[in-house]
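Report on the structure
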Amino acid sequence: EPEVTQTPSHQVTQMGQEVILRCVPISNHLYFYWYRQILGQKVEFLVSFYNNEISEKSEIFDDQFSVERPDGSNFTLKIRSTKLEDSAMYFCASRLAGGVGEQYFGPGTRLTVT
Amino acid sequence: SQQGEEDPQALSIQEGENATMNCSYKTSINNLQWYRQNSGRGLVHLILIRSNEREKHSGRLRVTLDTSKKSSSLLITASRAADTASYFCATDASNDYKLSFGAGTTVTVRA
């Protein structure tokens, strides 16, 4: 069964460093999302991406964040200058265009900022 | 506004018993989805119920939706130890189907 994959599974970085989290969505899906979950808290929407552009972003998704689909398969989230409070689990999700809206989530990348 | 708040926050039951958890939300939705998360792991999609549906079944799962009360419930019948996880409802209310998650219900099934 097709699945969303994410790399790395765990990333440790120092405050102020740039990180890139990578996702490979399900191949025929057209909507892509990033969510994050701070330890012990609810999953929060960051950004949605469709047709090679951001369709919606949350207040969390400030100028330090960017997303890119550099080729036909990868979908990346970049944090330019990480802060301690960026430590969280980051989930990528994808869904088919049309359909009823099931989103399929990847296993997540645990980002630890020290 | 916050969507998808689950109740109770935590639930402990004996294997074989049923587990029921509720979700309330505040705005009109396209659909409501339930996800399971094992400790520190990813989100597994369980079931989706559309706004025009009232009840849906999938294996041992039963979901109801009451749009007049803006609430949903998830019932897990004949629970197993492997059902131990956190369960989240997520509402889809936007044109691009972004999900708004609740804080989740942590279910512990005792053997």
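Residues numbered from 1 in each chain as written. Chains lettered and ligands numbered in written order. Predicted model: local features only at pLDDT ≥ 70, side-chain atom pairs only at ≥ 80, totals over all residues. Heavy atoms only, no water.

What follows is about the overall build of chain B. Within chain B, the secondary structure is distributed over zero helices and eleven strands. Going from N to C terminus, chain B has its helices and strands arranged as β-β-β-β-β-β-β-β-β-β-β. Its C-alpha atoms give chain B a radius of gyration of 13 Å, near enough to 13 Å, the size a compact globule of 111 residues would have. Its C-alpha atoms give chain B principal-axis dimensions of roughly 45 × 30 × 20 Å. Going through the 111 residues of chain B one by one, you find that 46% of them count as buried. Counted over contacts in chain B with a minimum sequence separation of 6, partners at least 24 positions apart contribute 55%. Element-wise, carbon and sulfur atoms account for 42% of the exposed surface of chain B, whose accessible area totals about 5200 Å². Treating the 13 positive side-chain charges of chain B as one cloud and the 11 negative ones as another, the clouds have centres 2 Å apart. (Helix = DSSP H or I, 4+ residues; strand = E, 2+ residues; numbered from the N terminus. Rg over C-alpha atoms; globule rule 2.2 N^0.38 Å. Buried < 20%, exposed > 50% of the residue type's maximum accessible area, 1.4 Å probe, protein only. Contact = heavy atoms within 4.5 Å. Areas by Shrake-Rupley, 256 points an atom, 1.4 Å probe, with all protein chains shown as cover. Lys, Arg positive; Asp, Glu negative; His and termini not counted. Charge placed at Lys NZ, Arg CZ, Asp CG, Glu CD.)

In this section: the nonpolar core. The biggest cluster of nonpolar side chains holds 22 residues, and the ones touching the most others in it are B:Met21, B:Leu32, B:Trp34, B:Leu46, B:Leu74, B:Ile76 and B:Tyr87. Those elements that place two or more of their residues in this core are β2 (10–14), β3 (19–24), β4 (31–37), β5 (43–50), β7 (61–66), β8 (71–76), β9 (85–92) and β11 (105–110) of chain B. For B:Ile76, the contacting residues outside a window of four places in its chain are B:Glu17, B:Asn18, B:Ala19, B:Met21, B:Arg60, B:Leu61, B:Asp83 and B:Tyr87. One finds A:Phe32, A:Val67, A:Phe75 and A:Ile79 within the second-largest nonpolar core, a separate group that totals 21 residues. (Core = buried A, V, L, I, M, F, W, Y, C linked by side-chain atoms within 4.5 Å.)

All names here are of chain A. Considering all chains together, one arrives at five salt bridges over all chains under this definition. Where Glu-44 meets Arg-36, a salt bridge forms, and the shortest distance between an N and an O atom there is 3.3 Å. Overall, Glu-44 belongs to the partly exposed group, its relative accessible area being 23%. Here Arg-36 falls in the buried class, since its relative accessible area comes to 10%. (Salt bridge = Lys/Arg side-chain N within 4 Å of Asp/Glu carboxyl O.)

Let us look at the interface of chain B and chain A. With 23 residues of chain B at the interface, the matching set in chain A holds 21 residues. Each partner contributes to the roughly 1800 Å² buried at the junction of chain B and chain A, and carbon and sulfur atoms together form 54% of this total. If you look at where chain B meets chain A, you find one salt bridge. Across the pair B:Lys98 and A:Glu56 runs a salt bridge, and its minimum N-O distance is 2.6 Å. Counting the contacts that link chain B with chain A gives four residue pairs in polar contact (both at pLDDT 80 or more). Broken down by class, the residue content of the side of chain B that touches chain A amounts to eight nonpolar, ten polar and five charged. (Buried area = accessible area lost by both parts, 1.4 Å probe. Polar contact = N/O pair within 3.5 Å; in protein donor to acceptor, adjacent residues only side chain to side chain. Nonpolar A, V, L, I, M, F, W, Y, C, P; charged D, E, K, R; others polar.)

With that settled, the discussion passes to the state of the cysteines. As enumerated under the stated definition, the model contains two disulfides over all chains in all. The residue that forms a disulfide with A:Cys23 is A:Cys92, at a sulfur-sulfur distance of 1.9 Å. In this structure, the disulfide formed by A:Cys23 and A:Cys92 twists by about -60° around the S-S bond and is classed as left-handed. Taken together, the residues A:Cys23 in strand β3 (residues 19–24) and A:Cys92 in strand β9 (residues 88–95) connect sequence positions 69 residues apart. Classification of A:Cys23 as buried rests on a relative accessible area of 1%. A relative accessible area of 0% places A:Cys92 in the buried class. In this model, B:Cys23 is linked to B:Cys89 through a disulfide, with the two sulfur atoms separated by 2.0 Å. The disulfide joining B:Cys23 to B:Cys89 has a torsion of about 65° about its S-S bond and is therefore right-handed. Of the two residues, B:Cys23 sits in strand β3 while B:Cys89 sits in strand β9, which places them 66 residues apart along the sequence. (Disulfide = S-S within 2.5 Å.)

The tally for this structure, following the rule as stated, stands at 14 aromatic pairs over all chains. Ring geometry for A:Phe32 against A:Phe75: centres 5.4 Å apart, planes inclined by 40°, an arrangement best described as tilted. Here A:Phe32, found in strand β4 (residues 31–37), pairs with A:Phe75, found in strand β8 (residues 75–79); they are 43 residues apart in sequence, far enough to count as distant. Among the residues examined, A:Phe32 registers a relative accessible area of 4% and is labelled buried. Taking relative accessible area as the criterion, A:Phe75 reaches 0% and is therefore assigned buried. Considering the side-chain rings of A:Phe105 and B:Tyr35, the 5.2 Å spacing of their centres and the 80° angle between planes classify their relative orientation as edge-to-face. (Phe/Tyr/Trp six-rings, centres within 6.5 Å; stacked < 30°, edge-to-face > 60°.)

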